[in-house]
Amino acid sequence: MILLGATGGAAALLSASALSQSATPGPVRYAMDAATISGMGAMMGGGGGGLGAMMGMLRGGAPQAVRTLELHHGAGTTAPKPEADHFMPKGAGLGASVKLLPPAPQGRAEGEMAFERPSGRLLLYWGCGERAPKGQPVVIDFARLAKGEIPPGLFMSGVNLPEDWQVGIANSRTYTTWPNGKDSKSLPAQASLLGAHRIAANYSKEIAFTLGEDFMPPLQASTTNAAGGGRTLTWAGLDKATGYYAWAMGAKDTGRGGTPTEMVWWASSQQQAFGGPLWQWISPASVRKLIAAGTVLPPEQRDCTIPAEVIKASGEGLMIHLQAYGPQADFAYPPRPADTRKPWSPEWIARVRFRSSTMLIPGMEGMGAIGSAGQSQPEARPRKPKCKGLKGLAERAAGLCE
């Protein structure tokens with residue numbers, strides 16, 4: 001699998017692995033993906049994050065973790081004007097229901113600027129440790145990549161990243177989703193998914209289940225200087241976490257008048273495993289396989305040192321992400337027989353997945369921390385500075401410059 005990635009529109013993601021499923025009239029499929037986002041990610045995320053959270057922090061407040069939800073409904077049947085309603089427990093804070101609709105046709109929004117192909121290089125590092133192992137970094141030249149020249153060693157070897165079953169346009173005759181352009185409510189900070197759920201659509205059978213799992217708690221992480229110039233990332237563990245994965249991206253000018261020339265991408269895996277399904281929700285069974293392969297950190301691990309070479313190459317523009325994969329709840333009607341040898345043809349299957357993630361900049365952890373009484377807060381700045389060069393790509397993503 002090739003898993004190349006980008007941030008801030010500076011590079012493109014490539015994935016050589018895609019789920020191949022035909023859109024047949026099989027069981028109706030439903031997926032709920034529930035995320036808890038903390039740290040600087042809460043200021044960038046939906047549902048109470050973004051600019052409002054940033055400005056509140058600058059005025060002396062502390063941003064709260066936000067909760068987000070994505071709903072995906074797929075079926076092998078059709079309707080002239082397909083739509084579905086998800087009726088949720090009162091604790092979700094989304095009213096009686098939310099409406100799932102087909103995705104809007106993709107097109108360039110008015111005033112949207114054309115994508116400019118980045119110049120320069122991308123340096124890939126991976127693995128926890130004070131120093132980067134021999135053979136790193138793998139260097140990606142964007143100009144050569146644009147010509148289709150894939151450098152040797154970019155492919156992962158010995159590990160197959162699994163992609164759990166998906167619900168999407170490619171494998172559904174009818175596909176609806178939420179949030180969408182007509183319904184995109186934000187969840188309250190204390191939203192809960194516990195209780196009865198019912199999904200009624202005009203193109204498929206009804207789905208109903210009672211959920212006993214809820215949003216994961218927010219992740220809390222910080223960094224400290226490590227011996228030799230590295231940076232150690234530490235975090236408080238989450239009881240229901242099945243594994244952890246960290247990555248960091250940075251950017252640095254190299255003396256070309258502020259033009260982006262070099263980016264750095266590091267991942268905590270023991271092999272080249274960047275982005276793709278690792279940024280998504282992954283089932284506990286798949287996480288166990290990835291832990292055995294050294295791609296995901298085990299649930300008992302609480303720290304990982306970013307090598308000194310990564311810190312040096314990224315300058316001051318490093319942004320660190322940490323993700324905790326969580327539990328999964330599965331439902332079906334009729335339920336799967338206890339004897340797996342017996343035939344099973346469900347009318348519908350549903351899956352609810354959970355994760356928790358945080359984002360921080362070394363030395364600025366307090367800006368995205370969940371506040372408590374007595375914590376000192378950063379002083380307000382009347383105006384954000386201008387984003388400059390590659391460092392500005394990371395700072396712009398965090399809302400620290402404009």
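Reading the values: the criteria
Residues numbered from 1 in each chain as written. Predicted model: local features only at pLDDT ≥ 70, side-chain atom pairs only at ≥ 80, totals over all residues. Heavy atoms only, no water. Helix = DSSP H or I, 4+ residues; strand = E, 2+ residues; numbered from the N terminus. Buried < 20%, exposed > 50% of the residue type's maximum accessible area, 1.4 Å probe, protein only. Lys, Arg positive; Asp, Glu negative; His and termini not counted. Salt bridge = Lys/Arg side-chain N within 4 Å of Asp/Glu carboxyl O. Polar contact = N/O pair within 3.5 Å; in protein donor to acceptor, adjacent residues only side chain to side chain. Contact = heavy atoms within 4.5 Å. Core = buried A, V, L, I, M, F, W, Y, C linked by side-chain atoms within 4.5 Å. Pairing = 2+ DSSP bridges. Axes fitted to C-alpha atoms, helices over the stretch in contact; angles between N-to-C directions.

**Remarks on the side chain of Arg67**
Along the chain, the position of Arg67 falls in strand S4 (residues 66-75). Nearest to the buried, unbridged Arg67 among oppositely charged side chains is Asp214, at 5.1 Å. A polar contact of 3.5 Å, which involves the side chain of Arg67, links it to the backbone oxygen of Ala189. Within the structure, Arg67 has its side chain in polar contact with the backbone oxygen of Ala191 (distance 2.4 Å). If sequence neighbours within four positions are ignored, Arg67 has contacts with Ala35, Thr36, Leu187, Ala189, Gln190, Ala191 and Phe215.

**Quick word on the nonpolar core**
One broad rule of soluble globular proteins: the nonpolar side chains tend to lie buried together. Grouped together as the largest cluster of nonpolar side chains are 55 residues, with contacts concentrated most on Leu69, Leu71 and Tyr244. The element best represented in this core is strand S18 (residues 348-360), accounting for five residues.

**Points about the sheet that holds strand S5 (residues 84-87)**
The strand order S6-S5-S10-S11 describes an open sheet built from four strands, whose pairing is antiparallel. Of all strands in the sheet, those bounded by a partner on one side alone are strand S6 (97-100) and strand S11 (207-211). Taking each pair of neighbouring strands and ignoring which way they run, the sheet shows an average axis angle of 20°. In this sheet, S6 lies alongside S5 in antiparallel orientation, the contact comprising four bridges. Considered in S6, the bridge of His86 is made with Val98.

**As for the pattern of salt bridges**
Under the counting rule described, the total for this entry stands at eight salt bridges. Note that Glu83 and Lys99 form a salt bridge whose closest N and O atoms lie 3.5 Å from each other. Here the residue Glu83 occupies a position in the loop between S4 and S5, and Lys99 occupies one in strand S6, the gap between them amounting to 16 residues. By relative accessible area, Lys99 is classed as partly exposed at 26%.

**Thoughts on the side chain of Ser268**
As for its position among the elements, Ser268 is in the loop between strand S15 (262-267) and helix H4 (284-292). Owing to a relative accessible area of 2%, Ser268 belongs among the buried residues under this scheme. Beyond its immediate sequence surroundings of up to four residues, Ser268 is in contact with Gly127, Cys128, Tyr245, Ala246, Leu297 and Cys304.

**Regarding the pairing of strand S17 (residues 319-333)**
Successive residues of a regular strand alternate their side chains across the two faces of the sheet. Examined bridge by bridge, strand S14 (residues 243-252) and S17 share seven bridges and lie antiparallel to one another. When the bridges of S17 are listed, Gly243 appears paired with Tyr325. Of the strand pairs in this sheet, S17 and S18 are connected by 12 bridges, and their pairing is antiparallel. Bridge assignment links Ala329 to a residue of S18, and that residue is Val352.

**Section: the sheet that holds strand S16 (residues 303-306)**
The strand order S12-S13-S16 describes an open sheet built from three strands, whose pairing is antiparallel. Looking at strand neighbours, the two that pair on one side only are strand S12 (221-225) and S16, the edges of this open sheet. Across the sheet, the mean angle separating the axes of adjacent strands is 25° when strand polarity is ignored. Across five bridges, the pairing between S12 and strand S13 (residues 231-235) is antiparallel. Within the sheet, the bridge partner assigned to Thr224 lies in S13 and is Thr232.

**Overview of unusual backbone geometry**
For the bond running from Trp178 to Pro179, omega is 5°, close enough to zero to count as cis. Considering the arrangement of structural elements, one finds Pro179 in the loop between strand S9 (174-178) and strand S10 (195-201). Each neighbour pair has its own omega, and for Tyr333 with Pro334 the value is -10°, a cis peptide bond.

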